[in-house]
Amino acid sequence: MKMKCGTESEKEISFRCVQCGFSVTTLYIQYSPGNIRLMKCGNCKAVADEYIECELMILVIDLILHKIKAYRHLFYNRFSGETLHNEALLWKLSLGFLILDAYQILAVCTTQDERSLPASFASFLGLCGKVLVGVFFGNLMFLGIILFGTRRFLNAKIGDSRCKHILLSILVSSYFEIFVIAMMVWEFPSSVVFIIKLFVLSSNALALLVITDAVMIRCIWICFAAHAMKFLVTQGVGTYQKLVLW
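What counts, and where the lines are drawn
Residues numbered from 1 in each chain as written. Predicted model: local features only at pLDDT ≥ 70, side-chain atom pairs only at ≥ 80, totals over all residues. Heavy atoms only, no water. Helix = DSSP H or I, 4+ residues; strand = E, 2+ residues; numbered from the N terminus. Buried < 20%, exposed > 50% of the residue type's maximum accessible area, 1.4 Å probe, protein only. Contact = heavy atoms within 4.5 Å. Areas by Shrake-Rupley, 256 points an atom, 1.4 Å probe, with all protein chains shown as cover. Axes fitted to C-alpha atoms, helices over the stretch in contact; angles between N-to-C directions. Parallel < 35°, antiparallel > 145°, perpendicular 65-115°, else oblique. Nonpolar A, V, L, I, M, F, W, Y, C, P; charged D, E, K, R; others polar. Expected span 1.5 Å × (residues − 1). Core = buried A, V, L, I, M, F, W, Y, C linked by side-chain atoms within 4.5 Å. pLDDT = per-residue confidence, 0-100. Salt bridge = Lys/Arg side-chain N within 4 Å of Asp/Glu carboxyl O. Phe/Tyr/Trp six-rings, centres within 6.5 Å; stacked < 30°, edge-to-face > 60°. Lys NZ or Arg CZ within 6 Å of the ring centre and 35° of its normal. Arc of directions from axis to C-beta.

Q: Please clarify how the overall build of the protein should be interpreted in this entry.
A: Helix and strand content of the protein: 10 helices and 4 strands. Across the protein, helices and strands are ordered from the amino to the carboxyl terminus as β-β-β-β-α-α-α-α-α-α-α-α-α-α. Looking at the protein as a whole, 39% of its 246 residues qualify as buried. Counted over contacts in the protein with a minimum sequence separation of 6, partners at least 24 positions apart contribute 63%. Carbon together with sulfur atoms contributes 67% to the accessible area of the protein, which is approximately 14200 Å² in total.

See below:
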């Protein structure tokens with residue numbers, strides 16, 4: 001993994017010490033190919049980022065274990081300013097997130113009869129419309145509450161780059177959504193979706209804590225409110241469409 005050294009004046013998101021979160025200008029010094037020396041943090045005097053020399057699997061395991069230093073490495077030292085301005089990456093992550101979210105809505109907000117092969121083309125279009133409307137309005141409310149809560153209760157400035165940073169962190173920290181793919185292959189009860197959502201909520205809260213340096217309990221409540229509102233909106237859309245069709 002190659003990292004460039006920089007300062008906060010050169011980019012909005014500086015490098016951080018994964019131990020204490022203190023800003024650092026340099027993570028390592030490279031003397032020759034394969035010969036580097038990790039720099040120490042000026043605040044806690046520990047190695048600023050030991051993940052530079054670790055395998056990717058170790059980082060993945062620590063992310064699953066919700067270690068805050070793994071999240072600091074990912075959002076400050078792994079992601080560069082170029083990553084935040086990579087529109088193609090954001091679109092790909094958003095598309096994957098919405099596809100997995102659509103399947104979750106299909107599994108939770110529909111009955112077994114609705115998920116079976118539709119009897120007519122009209123019922124098939126009605127099911128697709130129910131899922132798509134739920135995905136659109138649910139995620140619109142979800143993102144709106146995240147941004148509003150970040151600005152109102154975490155006192156964080158919301159600019160164009162900051163919004164992209166928050167969006168990227170929410171998308172990446174929702175990596176537990178990938179377990180929904182297993183539900184497409186094997187039969188699981190719909191309650192498994194709520195277990196996945198619980199892990200996603202905790203991961204989103206930790207990601208929000210890392211990028212805002214706020215209080216953990218506030219980050220948890222903001223993410224809980226966003227996920228709860230998203231669920232209520234998707235349920236409400238399904239109920240409304242049933243009443244209209246009835």
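And the narrative resumes.
Q: Help me understand the packing of helix α1 (residues 56–64) against helix α2 (residues 68–78) in this model?
A: Axis angle and axis distance: for two packed helices, these are the angle between their axes and the distance between the axes, and together they describe the pair. Viewed as axis vectors pointing N to C, α1 and α2 meet at an angle of 120°, and their least axial separation amounts to 8 Å. The orientation of α1 relative to α2 falls into the category oblique. Judged by residue contacts, Leu56, Leu59, Asp62 and Leu63 of α1 engage Ala70, Tyr71, His73, Leu74 and Arg78 from α2. Its residues placed into classes, the contact of α1 with α2 shows 6 nonpolar, 1 polar and 2 charged.

Q: I'm lost on helix α9 (residues 191–212) in this one. Help?
A: Along an α-helix, residues three or four positions apart point the same way, because every turn accommodates 3.6 residues. The terminal C-alpha atoms of α9, which comprises 22 residues, lie 32 Å apart, in line with the 32 Å expected from a rise of 1.5 Å per residue. Following α9 by one or two positions, aspartate 213 adopts a phi angle in the positive range, close to 55°.

Q: I'm lost on the environment of glutamine 104 in this one. Help?
A: With respect to the secondary-structure elements, glutamine 104 resides in helix α4 (residues 87–108). Overall, glutamine 104 belongs to the buried group, its relative accessible area being 3%. It is 9.9 Å that separates the C-alpha atoms of glutamine 104 and isoleucine 181, two residues lying 77 residues apart in sequence.

Q: Even after reading the chapter, I still don't get the nonpolar core, so can you show me in this structure?
A: Side chains of nonpolar character tend, in soluble globular proteins, to be buried together. Counting 30 residues, the largest nonpolar core has Tyr71, Phe75, Ile146 and Leu208 as the members making the most contacts within it. Per element, the largest residue contribution to this core is 8 residues, and it comes from α9. Membership of the second largest hydrophobic core comes to 8 residues, among which are Leu100, Phe176, Val180 and Val193.

Q: Would you take a moment to explain the confidence of the model for the protein for this structure?
A: As a general rule, the predicted coordinates of low-pLDDT regions are not to be interpreted in detail. Averaged over every residue, the pLDDT of the protein is 80; residues scoring 70 or more account for 79%. For the protein, helix α5 (residues 112–115) is the element with the lowest average pLDDT, namely 56, and α1 is the one with the highest, namely 92. Predicted confidence is poor over residues 1–13, with pLDDT under 50, and the contacts of this stretch with residues over four places away or in other chains come to 29 contacts.

Q: Looking at this structure, I do not really get the pattern of salt bridges. What am I missing?
A: Where side chains of opposite charge bring their charged atoms close, a pairing between them can arise. Scanning all chains against the criterion turns up 6 salt bridges. Where aspartate 213 meets arginine 16, a salt bridge forms, and the shortest distance between an N and an O atom there is 3.3 Å. In this pair, aspartate 213 sits in the loop between α9 and α10 (216–245) while arginine 16 sits in strand β1 (residues 15–16), placing the two residues 197 residues apart along the sequence. Note that aspartate 101 is salt-bridged to lysine 230, the shortest N-O span being 3.0 Å. Residue aspartate 101 is found in helix α4, and its partner lysine 230 is found in helix α10; the two are separated by 129 residues along the sequence. Relative accessible area serves as the criterion here: at 5%, lysine 230 is assigned to the buried category.

Q: Hey, could you run me through the packing of aromatic side chains in this one?
A: Geometrically, a pair of aromatic rings is defined through the distance of the ring centres and the angle of the planes. All told, the structure shown has 8 aromatic pairs when counted by the stated rule. A centroid spacing of 5.8 Å and a plane angle of 70° characterise the contact between phenylalanine 194 and phenylalanine 231, whose relative ring orientation is edge-to-face. Of this pair, phenylalanine 194 sits in helix α9 while phenylalanine 231 sits in helix α10, and the two are 37 residues apart along the sequence. We classify phenylalanine 231 as partly exposed; its relative accessible area is 34%. Here the guanidinium or amino end of arginine 152 rests over the ring plane of phenylalanine 153, the centre of that ring lying 5.4 Å away. Directly above the aromatic system of phenylalanine 142 lies the positively charged group of lysine 230, at a separation of 5.2 Å from the ring centroid.

Q: How should α1 be read in this particular structure?
A: Those residues of α1 not exposed but buried are Leu59, Asp62 and Leu63. The buried residues of α1 all sit within an arc of 105° when viewed along its axis, so they share a single face. Looking at the buried side of α1, the elements it contacts are α2. Downstream of α1 by a residue or two, histidine 66 has a phi angle that is positive, lying close to 60°.

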